[in-house]
Amino acid sequence: LDYNEILWEVAQTVEPQRGSGKVANYIPALAEVDPMNFGMAVVTRAGDRFTTGRADRPFSLQSVTKVISLTMALESIGESFWKRSGREPSGDPFNSLVQLEHENGIPRNPLINAGALISTDVLVSRYGRDGAVEAILQFAQELADGEPVRIDPRVAASERETGFRNAAVANFMRSFGNLHNPPDDVLHVYFHQCALEMSCQGLARAMLYLANGGVDPITGRRIVSERRARRINAIMLTCGHYDASGDFAFHVGLPGKSGVGGGIVAIAPGQLSVAVWSPGLSPQGNSLVGTMALEKFASLTGLSVF
Ligand code: GLN
């Protein structure tokens, strides 16, 4: 397959839609981003890279980082993680509180905010508050293999100022005993994690271990076991787009994770990882043009887990 050709065609296809959707505006740092931005990058298992648009421009990863913290939490405490989080799609918005009351403070899955706060809590237990921020940044940098990764302190600070709902979720889970550390500490780490920045190129590179059975194919380093890689992909497929996860599976057919910064990373197991960035969001908080681009990409390449 000629991925240069394919990415060119994807970019042509979404061009008329570029700029559509609504940029996240709950914090100024995200609201200021130009909705006309579009970038996409493919990194294959052999290490070949293909890009279109602004694929080297860093953007706020936001919820895409939930895959990184889940990977780290599973490596920390293993299967016992699943006593503290489910693995079913929620059918509710990413920041919803409603299921937590009925389900005794056990989040539906680790890719909504509540579940991601459990991953973060595991990391605070292991590394401490400041240590956890450092450990997440370091792990992301290792995965990105030299591509720039940073935490935008301005984004982290604004997340905190407006994070009343995340604070409610954290406190609520703590009341059920499902958060082991002070909610303030967990939120501090979570907000810094959300503020991680990478480009499409960096993100696709970083997630390559999930396309290669848990081993980074370029460094040869094992990140997770083969079974764990399969399971993380399964959760991304079923839960990676909140209450639009079914729709993403229907249209794209690949495990993927979105964030309100407008990024999406998708995995073609055994083949490649692909990242796309376009800041305008659907009402569910997923990149509108990014999803269209991945749908076109999947149909042109024939890549699908089905
Ligand atoms: N920082 C955002 C939040 O917690 C991330 C959500 C997202 O990307 N969907 O609300």
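Residues numbered from 1 in each chain as written. Predicted model: local features only at pLDDT ≥ 70, side-chain atom pairs only at ≥ 80, totals over all residues. Heavy atoms only, no water.

> What is the right way to look at the environment of Leu281 in this model?
Summarising the element assignment, Leu281 is placed in strand β10 (residues 280-281). With relative accessibility at 8%, the residue Leu281 sits in the buried group. Those residues in contact with Leu281 that sit more than four places away from it in its chain are Gly21, Lys22, Val23, Ala24, Gly259, Val260, Gly262, Asn286, Ser287 and Leu288. (Helix = DSSP H or I, 4+ residues; strand = E, 2+ residues; numbered from the N terminus. Buried < 20%, exposed > 50% of the residue type's maximum accessible area, 1.4 Å probe, protein only. Contact = heavy atoms within 4.5 Å.)

> Even after reading the chapter, I still don't get the site of the ligand, so can you show me in this structure?
Tyr26, Gln62, Ser63, Phe94, Asn113, Glu159, Asn166, Tyr190, Cys194, Tyr242, Gly259 and Val260 make up every residue found near the ligand. A distance of 2.7 Å separates an oxygen atom of the ligand from a polar side-chain atom of Tyr190. For the ligand, the protein covers 96% of the area, taking 300 Å² as the surface of the free molecule. Of the residues belonging to the shell around the ligand, the class tally is 6 nonpolar, 5 polar and 1 charged. (Near = heavy atom within 4 Å. Polar contact = N/O pair within 3.5 Å; in protein donor to acceptor, adjacent residues only side chain to side chain. Areas by Shrake-Rupley, 256 points an atom, 1.4 Å probe, with all protein chains shown as cover. Nonpolar A, V, L, I, M, F, W, Y, C, P; charged D, E, K, R; others polar.)

> Would you mind showing me how to read the sheet that holds strand β5 (residues 150-151) here?
Spatial ordering of the open sheet is given by β4-β6-β5, a layout of 3 strands whose pairing is antiparallel. Unpaired on one side and paired on the other, β4 (59-60) and β5 mark the two borders of the sheet. Note: β5 against strand β6 (residues 196-198), 2 bridges, orientation antiparallel. Looking at β6, one finds that Arg150 is bridged to Glu197. (Pairing = 2+ DSSP bridges.)

> For this particular structure, what's the right way to read the pattern of salt bridges?
A side chain with one charge may pair with a side chain of the opposite charge, provided their charged atoms come close. What the rule picks out here adds up to 13 salt bridges. Between Arg205 and Asp145 there is a salt bridge whose closest N-O contact spans 3.1 Å. In this pair, Arg205 is assigned in helix α10 (residues 200-206) and Asp145 in the loop between α6 (129-144) and β5, connecting sequence segments 60 residues apart. By relative accessible area, which is 36% here, Asp145 ends up partly exposed. In this structure, Arg205 and Asp216 form a salt bridge, with 2.9 Å as the shortest nitrogen-oxygen distance. A residue pair is termed long-range when its members are at least 10 positions apart, and Arg205 in helix α10 and Asp216 in the loop between α10 and α11 (226-239) qualify at 11 residues. Overall, Arg205 belongs to the buried group, its relative accessible area being 0%. Several salt bridges converge on common partners, so that one network encompasses Glu75, Glu79, Arg228 and Arg231. (Salt bridge = Lys/Arg side-chain N within 4 Å of Asp/Glu carboxyl O.)

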